[in-house]
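# Structural characterization, general
Next come the chains, spelled out residue by residue.
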Amino acid sequence: MTFWENRIKRDITFFYTDGVEYQTAQPIAEEATRRGFRVRFSKNIFQKAEIGVYCQHRCFPECSKFSMVMLHDLAQGHNRWPNIWIGEPWNKFDIAILPGDSWVERWQECSWDPFVRPRIGVFKLGWPKADLVFESEDRFRRESASFRKELGLIHHNSVIYAPSWENDGKQDEFVQALKDLPVNLLLKQAPWAPKYQHIIENIRLMNEKHRDCGKNVKIIDSNISIMRCLGLANIIVSEESSVMFEGLLFDIPSIAVTDWLIPDCAPPRPPSVPFDFIRKVSKSGLRNAVIEMLETLESHKQALRDYRNRNFAFLGESSKRIVSLLECCIEGQSLEVSPETPSKELQPLSVRRKFQAIRHSIQKLFFKAIRSKEWFIRILRTFHDNLKKWTR
């Protein structure tokens, strides 16, 4: 009998820290609910769970009896490719999910590293967010038409602005460059976690500035799924957001503005866009690039089809396949799908790799200590507030 057989309840906790991670897991949660699993979402990444599903950079699978890890971002860790697992080890998980051939090849290239190998295996099962589109394409088309009407789009073509970070007035530069063209401008920011108040404030200021600046400029609620927005778009403009990868699902060409800086370090860095299917331009070249792309949309779309096929497997079936795999694992059944085969033999760890692993473990302990302190402070504040009420 295997170590998980007959011991795991049909109870899944999906861990998330922001809206993007929530939306990534939501299609799986809906499928699991249809099959009778008890499902919950939790922002407490230290919470104990029967089955824990994780998609964060820093995870704690030791808190779950059975654990699954997946990406939350198709360009995740792209500045560290191929081996993102240096900082995001998967060896303590039971299973891992990859979206398509490109990520499988990346994993296989690094399969010499014991930290990339989950206990049971890595499985190519697609991108769950794509199920919203491909599970029922007719339904998605109807929903897109309704959304288009709801937004009141006045032009046939739409250009969507979807940055990874909002800073330095990027949104305004996008609007000013394109607002007089005969296109709809869709402003779609990511659903940021509350700890990034400075970015949330940047977004608020930009949206206030553009709320009534033109009939063709539409601000979209950040909590709406990016898939619904891409269903309306003809071109994506960003700096390094993985939305440009998800645009491949719709054959949407993308433009990356290479002098829109990324403020995740000091000083801010240029965007990292090591992808040949994305056109790179400076801010001064954005307008002309959009005009040229609009004139040649069909040729751009045809060129993207191979990229879509390499990055996404099992369109419309991902969540079903993932939940089926979970059922097989926790019920001790034979797996219906085989794990990916490592292409390299395990190698002894170098001194540098050992140091990286130790550093990661220390960072996790430090992070856990900080989070524990935050929870303790919250409890003290709650007690203090209640004490004030009781003693009035």
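Okay, so let's go over this structure. (Residues numbered from 1 in each chain as written. Predicted model: local features only at pLDDT ≥ 70, side-chain atom pairs only at ≥ 80, totals over all residues. Heavy atoms only, no water.)

Once that is clear, we can look at the overall build of the chain. When helices and strands are tallied, the chain shows 12 helices and 12 strands. A burial count over the chain gives 52% of its 392 residues as buried. Split by element, the accessible area of the chain, about 18900 Å² in all, is 52% carbon and sulfur. (Helix = DSSP H or I, 4+ residues; strand = E, 2+ residues; numbered from the N terminus. Buried < 20%, exposed > 50% of the residue type's maximum accessible area, 1.4 Å probe, protein only. Areas by Shrake-Rupley, 256 points an atom, 1.4 Å probe, with all protein chains shown as cover.)

Here strand β10 (residues 235–238) shows two buried faces, one formed by I235 and V237 and the other by I236 and S238. Relative to β10, strand β7 (residues 158–161) is paired through 3 bridges, and the arrangement is parallel. Bridge pairing in β10 places I160 opposite I236. Here 3 bridges tie β10 to strand β11 (residues 254–257), and the two strands are oriented parallel to one another. The residue of β11 that forms the bridge with S238 is A256. (Pairing = 2+ DSSP bridges.)

Pairing is parallel in the open sheet, where 6 strands are placed in the order β2-β1-β3-β4-β5-β6. The open sheet is flanked by β2 (38–42) and β6 (121–124), the only strands paired with a single partner. The mean angle between the axes of side-by-side strands here comes to 25°, regardless of whether they run parallel or antiparallel. Pairing of strand β1 (residues 11–15) with strand β3 (residues 49–54), which is carried by 3 bridges, proceeds in the parallel orientation. Residue T13 lies in a different strand from β3, and its bridge partner there is G52. (Axes fitted to C-alpha atoms, helices over the stretch in contact; angles between N-to-C directions.)

So, about the sheet that holds strand β12 (residues 278–281). The pairing of strands in a sheet comes from backbone hydrogen bonds and takes either a parallel or an antiparallel form. Read across the open sheet, the 6 strands follow the order β9-β8-β7-β10-β11-β12; overall the sheet is parallel. The two strands at the open ends of the sheet, each matched to only one other strand, are β9 (217–220) and β12. Between one strand axis and the next, the sheet turns by 25° as a mean value, whatever way the strands run.

One can describe the packing of helix α5 (residues 170–178) onto helix α9 (residues 286–295) by two numbers: an axis separation of 9 Å at closest approach and a directional angle of 55°. Relative to α9, the element α5 lies oblique. Judged by the twist between their axes, the crossing of α5 over α9 is right-handed. When α5 is examined against α9, the residues F174, A177 and L178 are found in contact with a partner set consisting of L286, R287 and V290. Classifying every residue of the contact of α5 with α9 by side-chain character gives 5 nonpolar, no polar and 1 charged. (Parallel < 35°, antiparallel > 145°, perpendicular 65-115°, else oblique. Left-handed = near helix turned anticlockwise from the far one by under 90°. Contact = heavy atoms within 4.5 Å. Nonpolar A, V, L, I, M, F, W, Y, C, P; charged D, E, K, R; others polar.)

Turning our attention to the side chain of K170. Secondary-structure assignment places K170 in helix α5. One polar contact links the side chain of K170 to the main-chain carbonyl oxygen of W165, over a distance of 3.0 Å. Leave out the neighbours within four places in its chain, and K170 touches Y161, W165, E239, W260, L261 and I262. (Polar contact = N/O pair within 3.5 Å; in protein donor to acceptor, adjacent residues only side chain to side chain.)

Looking at the secondary structure, you find S158 in strand β7. Those residues in contact with S158 that lie beyond four places of it in its chain are R148, L153, N184, L186, L232, A233, N234 and I235.

To continue, consider the pairing of β1. Most of β1 is tucked away: 5 of the 5 residues are buried. Both faces of β1 are covered, namely the face carrying D11, T13 and F15 and the face carrying I12 and F14. One crossover worth recording links β1 to the parallel β2 by way of helix α1 (residues 19–34), and it is right-handed. (Right-handed = clockwise from strand over helix to strand, strands pointing away.)

Close approach of charged atoms lets side chains of opposite charge pair. Under the defined criterion, the tally for this structure stands at 26 salt bridges. R141 is the partner of D138 in a salt bridge, and the nearest nitrogen-oxygen pair spans 2.5 Å. Of this pair, D138 and R141 both sit in helix α4 (residues 137–151), 3 residues apart, roughly one helical turn. A relative accessible area of 46% places D138 in the partly exposed class. The network of salt bridges with common partners includes R10, E31, R34, R35, E327 and E331. (Salt bridge = Lys/Arg side-chain N within 4 Å of Asp/Glu carboxyl O.)

The next point concerns helix α11 (residues 318–331). Taking 1.5 Å per residue as the helical rise, α11 with its 14 residues ought to reach 20 Å, and the 20 Å between its terminal C-alpha atoms agrees with that figure. The element α11 is largely enclosed, with a buried count of 11 among its 14 residues. S318, S319, I322, V323, S324, L325, L326, E327, C328, C329 and I330 are the residues of α11 that are buried. Looking one or two residues beyond α11, the residue adopting positive phi is G332, at roughly 70°. (Expected span 1.5 Å × (residues − 1).)

Applying the stated criterion across every chain, the model contains 22 aromatic pairs. Consider the rings of F14 and F41, whose centres lie 5.3 Å apart with planes at 25°: the pair is stacked. A residue pair is termed long-range when its members are at least 10 positions apart, and F14 in strand β1 and F41 in strand β2 qualify at 27 residues. Seen in terms of ring centroids, F15 and Y54 are 4.6 Å apart; in terms of plane orientation they differ by 15°. Their pairing is stacked. Within this pair, whereas F15 is found in strand β1, its partner Y54 is found in strand β3, the two being separated by 39 residues in sequence. The residues F15 and Y54 share a single accessibility class, namely buried. Aromatic rings pair up to connect W81, W85, W90, W103, F245, F275, F277 and Y307 into one cluster. When the ring centre of W81 is taken as origin, the NZ or CZ atom of R106, which lies over that ring, is 3.6 Å away. (Phe/Tyr/Trp six-rings, centres within 6.5 Å; stacked < 30°, edge-to-face > 60°. Lys NZ or Arg CZ within 6 Å of the ring centre and 35° of its normal.)

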